[in-house]
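Results of the structural survey
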There are 2 protein chains.
Amino acid sequence: MRTATASAYSSSANLGPGFDTMGLAHDAGLTKISVEFIERSPKVELELNCGNLPTNPSENTASLAVKNVLESQGINGSFRICISNDIPLGLGLGSSGASAAAAVVAIDSLLDIGLSMDEKVNFAMLGETASSGTPHADNVAAAIYGGLVMVESTNPMKVRPLKINRKFSFLTILPHMSIPGKTRISRTLVPSEVSMSQHIWAIRHTSLMVSGFINGDRDALRAGMNDHIVETSRMQMFPFYPEIKKIALKNEAAGVCISGAGPSILVVIDGETDVESILSGAGAVLKSTGIAFSILNSNLAGGAYIPEN
Amino acid sequence: MRTATASAYSSSANLGPGFDTMGLAHDAGLTKISVEFIERSPKVELELNCGNLPTNPSENTASLAVKNVLESQGINGSFRICISNDIPLGLGLGSSGASAAAAVVAIDSLLDIGLSMDEKVNFAMLGETASSGTPHADNVAAAIYGGLVMVESTNPMKVRPLKINRKFSFLTILPHMSIPGKTRISRTLVPSEVSMSQHIWAIRHTSLMVSGFINGDRDALRAGMNDHIVETSRMQMFPFYPEIKKIALKNEAAGVCISGAGPSILVVIDGETDVESILSGAGAVLKSTGIAFSILNSNLAGGAYIPEN
């Protein structure tokens, strides 16, 4: 086989109090990566064909992930990576993580390496450094495993999928804001210390959120998916968020959070949610700011996969 | 009716990363409280008959809880409170919380007040100030509700029971150490701030622990029930703990933590646990320190109740 293709879904990291810990895969978008073996070569050479993504291999999460896999296996050669992506870029929906995840799955399949799930997450995380500067595993773990995942440790990499109740689905509200260096900037806004009372508050809310997801308990999820540490510290970047959150909760959203480093907002919904009122209310808020936006419906998604054909 | 009796079980608070947040009721011990109406009186007068507990009403959690209930209802009178308790005192098994909880349930029943569950927790928590100086709700919430509970907020009081898998049971290892002012001292050892990396670590472990309890997933529970913030800061009080924890985990305990403010140790067990080896190993450690000890088997317990005669 000279070409392998893999797909991976969009994801939302953090989920309120779960900063740098949790990720949730949804089908708001999909990235498809093909890796083609071109020829033997005395070193690793990667050529990118990426639409609107960075084509410098050291700035692209997919090629950086592939490079890390190849180097770890001592494999040289010339490869062409082709990326077809419909996950909105730079809006906090894990587009770079999905690229890295799909790329690792593709190269693993192409060369029949047999990486474990956690090894795939690890290589995809190394690819993510091209995007954020610091390796973080929450989006790539969700993209590799699917569903809701908990990153238990990154060294060694250990991800634990949390089996959650499937009654919830999602709205992703996407303000079309370009914030250059967003992930790096948003990391600098995170405080280096938290008070014990803030810490306890967050532990409570994390527990509620996790129990809400697992038991399908919308009240626990609504109570739990709140954060006063990371979301609050980044609020200056997303002044529209508090009002949209208020509107969504008033209309019986089962939970609302900033998706990853933003600016997108993840709204958890179920049969009790008044989706129409959220769409119109959130739309009105964003219109008043002059920021263009779109809103996508999505469901919990599975992990990265090799499409048939 | 001139007398009402209520019972409440022992409990373990904190559970590793769940400091000031979680409590778990078990049947390692039971407290039984009778409240008897003696006569009308222009003020609240309480008489205590308590075995080995403080008989000064302002130092006893049961009478302080009853006093708070009576004052909130504007009820005066003279009452006799009789406490029969087999929960070891001052060892971190929630004896004071069980007393406060049972007392509130008894006075509520005696006067047919009709307090809600969370109101009962609130009054019992006020009773707990007699024991610790600062109100904390984790033990009383477990004693009122039973099972595993999460204190969502204390003002207003809101407790959320977490429906957990019932495959787990417990060993409580009780070093018979008297540490005067233990709860107060142990609170002063808790740091006032935690670093962001410690915080994230704790969020991860809390999530794993909660998912482990709910899903009956021993691997998640073993991974999650670990704490580097509160337990570590108090370790000087319990130098035997690390070694006992190591022995318990080596012998397939499903989780190990300091019970409340210690010195007792809660060991979560299931069918895969080598209980005999834990008993002998922990016993050997404590014998080597010269501290007398006992070890109790227990199961998840229900909430405070009115016994049928």
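Overview of the structure. Every chain's residues receive numbers from 1 upward, in the order its sequence appears when written. Lettering for chains starts from A, numbering for ligands starts from 1, and both go in the order in which the items are written. Thresholds applied to this predicted model are a pLDDT of at least 70 for local features of residues and 80 or more for the giving and counting of side-chain atom pairs; totals over whole chains, interfaces and linings are not thresholded and use all residues. By convention in this description, side-chain values take in all heavy atoms of the structure and omit both hydrogens and water.

**Details of the overall build of chain A**
Within chain A, the regular secondary structure consists of ten helices and eleven strands. Projected onto its principal axes, the C-alpha coordinates of chain A cover approximately 60 × 40 × 40 Å. Expressed as a percentage of its 309 residues, the buried residues of chain A come to 60%. The accessible surface values rely on the Shrake-Rupley method and a 1.4 Å probe; as for residues, cover is taken only from the protein chains in view. Per element, the accessible surface of chain A, about 11,600 Å² overall, is 48% carbon and sulfur. A gap of 2 Å separates the mean positions of the 23 positive and 28 negative side-chain charges of chain A. Helical segments are the DSSP runs of H or I of at least four residues, strand segments are the runs of E of at least two, and each set is numbered from the N terminus. Only protein chains enter the calculation, and the probe is 1.4 Å; a residue is then buried if its accessible area is under 20% of its type maximum, exposed if over 50%, and partly exposed in between. By the counting rule applied here, Lys and Arg register as positive and Asp and Glu as negative, while His and the ends of each chain are not counted. Charge positions are represented by NZ for Lys, CZ for Arg, CG for Asp and CD for Glu.

**Remarks on the relation of the copies chain B and chain A**
The operation relating the pair of chain copies consists of a rotation about an axis and a translation along that axis. The atoms used to superpose the copies are C-alpha atoms, taken from residues with pLDDT of at least 70 in both, and the fit is least squares. Once chain B is rotated about the relating axis by 180° and shifted along it by 0.0 Å, it coincides with chain A to within an RMSD of 0.0 Å. Here the symmetry operator amounts to a two-fold rotation axis.

**Things to note about helix H9 (residues 241-250) of chain A**
Residues and elements named next belong to chain A. For H9, the complete set of buried residues consists of Tyr-241, Ile-244, Lys-245, Ile-247 and Ala-248. End-on, the buried residues of H9 take up no more than an arc of 165°, which puts them together on one face. Of the exposed residues in H9, those oriented more than 90 degrees away from the buried face are Lys-246 and Lys-250. Whether two residues are in contact is decided by their heavy atoms, any of which lying within 4.5 Å being enough. In the core, the buried residues of H9 are packed alongside strand S7 (169-175), helix H8 (230-233), strand S9 (255-258), strand S10 (265-269) and helix H10 (275-289). Residue Glu-252 follows H9 closely and has a positive phi angle near 65°. Taken from the helix axis, the directions to the C-beta atoms give the arc we talk about.

**Observations concerning the environment of B:Ser298**
All names here are of chain B. Structurally, Ser-298 is set in strand S11 (residues 293-298). The spatial distance from the C-alpha of Ser-298 to the C-alpha of Val-44 is 38 Å, given a sequence separation of 254 residues. Discounting chain neighbours no more than four positions away, the residues touching Ser-298 are His-26, Asp-27, Ala-28, Ser-169 and Phe-170.

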